[in-house]
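Survey of secondary and tertiary structure
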Amino acid sequence: AMNEGEVLAFVAQWGLDESAQTILLGLPRHTQMRMLTEFQPKPGTRDPNRLFHGFLKSLQNPGAAAGAHGFAPSYGKGGPAVIRPPHLAPRAGKGSIWGAPAAGGGLSQGDLAAIQAFATQWGLDELAHQKLRELPPHSQARVLAEFAPRPGTRDVNRLFHGFLKP
C-alpha cells in the first residue's frame, strides 16, 4: 500500500479533502496505483473531490459505468467536470438509464463512504440519500459524476429528485 506521505502529496496536489484521503489510504494497492496514475482532473476543475469519488467508483466497477448506455467517464480528457445543461446530458437511446434498484446490500464500504460524502456535500435529505443508495452502480456513478447544483440553488433535494427522473 502507499505510505501516508505519498497519499498526502497526492491529496495536496489535487486539493482533495480528508474523506478522499481516508478512502485512498484504505484502498488495495492496485487501486491506489491506478488512482495515482490515472486521476488527472483538468486545470480549473470546480470540484476535484466529486471527481475523485466518481473516478474511484468507475475503477471499482469496471465496465459498469460505460455499460450499454454510452456513459464512460474520461476524467483526463474533459469528463464530468464540464457541466452540461440537462438537455445535453448523455441519455440512453431506449428506456431508462437508471434501471432497476440495486439488489440489497451489494455496495462496498468505499461505495457507501462515497455516497455518504456526496449526500453530505450537497445536503441531501434522507429520502434523496436512500434513492441514491438504491440505484444500480452505473447510475450511482453517473449521479456522483454529473449532479452539481449551481451555488445558491434553493432546493437541492427537489433538483436531485428531478435529476433522477429519466
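If you're wondering where the values come from, they're calculated on a predicted model, not measured in any experiment. For every chain, the first residue of its written sequence is number 1, and the numbers climb from 1 along that sequence. Totals for whole chains, interfaces and linings use every residue, but because this is a predicted model, local features are given only for residues with pLDDT of at least 70 and side-chain atom pairs only at 80 or more, for both listing and counting. Side-chain numbers here rest on the full set of heavy atoms in the structure, without hydrogens or water.

1. As for the overall build of the protein
- Along its length, the protein carries eight helices and zero strands.
- Working definition: with a 1.4 Å probe on protein chains only, accessible area under 20% of the residue-type maximum means buried, over 50% means exposed, and in between means partly exposed. Looking at the protein as a whole, 42% of its 166 residues are labelled buried.
- The contact criterion used is simple: two residues touch if any of their non-hydrogen atoms lie within 4.5 Å. Nonlocal contacts in the protein, meaning residues at least 24 apart in sequence, comprise 66% of its contacts between residues at least 6 apart.
- Accessible surface area values rest on a Shrake-Rupley calculation with a 1.4 Å probe, where residue burial reflects the displayed protein chains alone. Accessible surface for the protein amounts to roughly 9,000 Å². Of this, 55% is attributable to carbon and sulfur atoms. Counting from the N terminus, the helices are the DSSP runs of H or I reaching at least four residues and the strands are the DSSP runs of E reaching at least two.

2. Thoughts on the pattern of salt bridges
- In the sections that follow, a salt bridge refers to a side-chain nitrogen of Lys or Arg positioned within 4 Å of a carboxyl oxygen of Asp or Glu. Tallied over the entire structure, the rule returns four salt bridges.
- Across the salt bridge formed by aspartate 47 and arginine 50, the nearest N and O atoms sit 3.9 Å from each other.
- When its relative accessible area of 7% is taken as the criterion, arginine 50 is described as buried.
- The partner of glutamate 146 in a salt bridge is arginine 142, and the shortest N-O contact between them spans 3.1 Å. Of this pair, glutamate 146 and arginine 142 are both found in helix α7 (residues 137–146), four residues apart, which corresponds to roughly one turn of the helix. Here the two residues glutamate 146 and arginine 142 agree in accessibility, since each one is buried.

3. Section: the packing of aromatic side chains
- Pairing of aromatic rings covers Phe, Tyr and the six-membered ring of Trp, with a centre-to-centre limit of 6.5 Å; geometry is then stacked below 30 degrees between planes, edge-to-face above 60, and tilted otherwise. Under the counting rule described, the total for this entry stands at eight aromatic pairs.
- The interplanar angle of 85 degrees and the centroid separation of 5.9 Å between the aromatic rings of phenylalanine 39 and phenylalanine 52 together place this pair among those described as edge-to-face. Placement of the pair is phenylalanine 39 in the loop between α3 (29–38) and α4 (48–60) and phenylalanine 52 in helix α4, with a sequence separation of 13 residues. An identical accessibility class is assigned to phenylalanine 39 and phenylalanine 52; each is buried.
- Ring pairing ties together the aromatic residues Phe10, Trp14, Phe39, Phe52 and Phe55, which thus form one cluster.

4. Notes on the environment of phenylalanine 39
- Of the residues examined, phenylalanine 39 reaches a relative accessible area of 0% and is grouped as buried.
- In the structure, phenylalanine 39 is positioned 25 residues away from tryptophan 14 in sequence and 9.2 Å away in space, judged by C-alpha atoms.
- Look past the residues within four positions of phenylalanine 39 in its chain and what remains in contact with it is Phe10, Trp14, Leu16, Arg34, Pro48, Leu51, Phe52 and Phe55.

5. A few points about the confidence of the model for the protein
- Confidence in the prediction of the protein, expressed as mean pLDDT, is 73, and 70% of residues score 70 or more.
- For every residue, the predictor states its confidence as a pLDDT score lying anywhere from 0 to 100. Summarising per-element confidence for the protein, the mean pLDDT is lowest in helix α5 (residues 109–122) (78) and highest in helix α2 (residues 18–26) (90).
- Scored below 50 in pLDDT, residues 64–106 shows 71 contacts in the model against residues more than four places distant or in partner chains.

6. A short note on the packing of α4 against α7
- Here α4 crosses α7 at 160 degrees, and the two axes come no closer than 8 Å. When the axes of α4 and α7 are compared, the pair comes out roughly antiparallel. Handedness of the crossing formed by α4 with α7: left-handed. Contact with α4, carried on its side by Arg50, His53 and Lys57, involves Pro137, Gln140, Ala141, Leu144, Ala145 and Glu146 of α7 and no other residues of that element.
- Taken together, the residues of the contact of α4 with α7 break down into four nonpolar, two polar and three charged. Axis lines are fitted to C-alpha atoms, over the contacting stretch for helices. Their N-to-C directions set the angle, which ranges from 0 to 180 degrees. Our angle categories are set so that under 35 degrees counts as roughly parallel, over 145 as roughly antiparallel, 65 to 115 as roughly perpendicular, and the remainder as oblique. Each crossing gets its hand from how the near helix is turned against the far one by less than a right angle, where anticlockwise is left-handed and clockwise is right-handed. Throughout this entry, Asp, Glu, Lys and Arg are counted as charged residues, while Ala, Val, Leu, Ile, Met, Phe, Trp, Tyr, Cys and Pro are counted as nonpolar. The remaining residues, Gly among them, count as polar.

7. With respect to the packing of helix α6 (residues 126–134) against helix α8 (residues 156–164)
- Their axes nearest at 10 Å, the elements α6 and α8 cross at an angle of 25 degrees. The angle between α6 and α8 falls in the class roughly parallel. Viewed along their axes, α6 and α8 form a crossing whose handedness is left-handed. On the side of α6, the interface is formed by Leu127, Ala128, Lys131 and Leu132, while α8 contributes Asn157, Phe160, His161 and Leu164.

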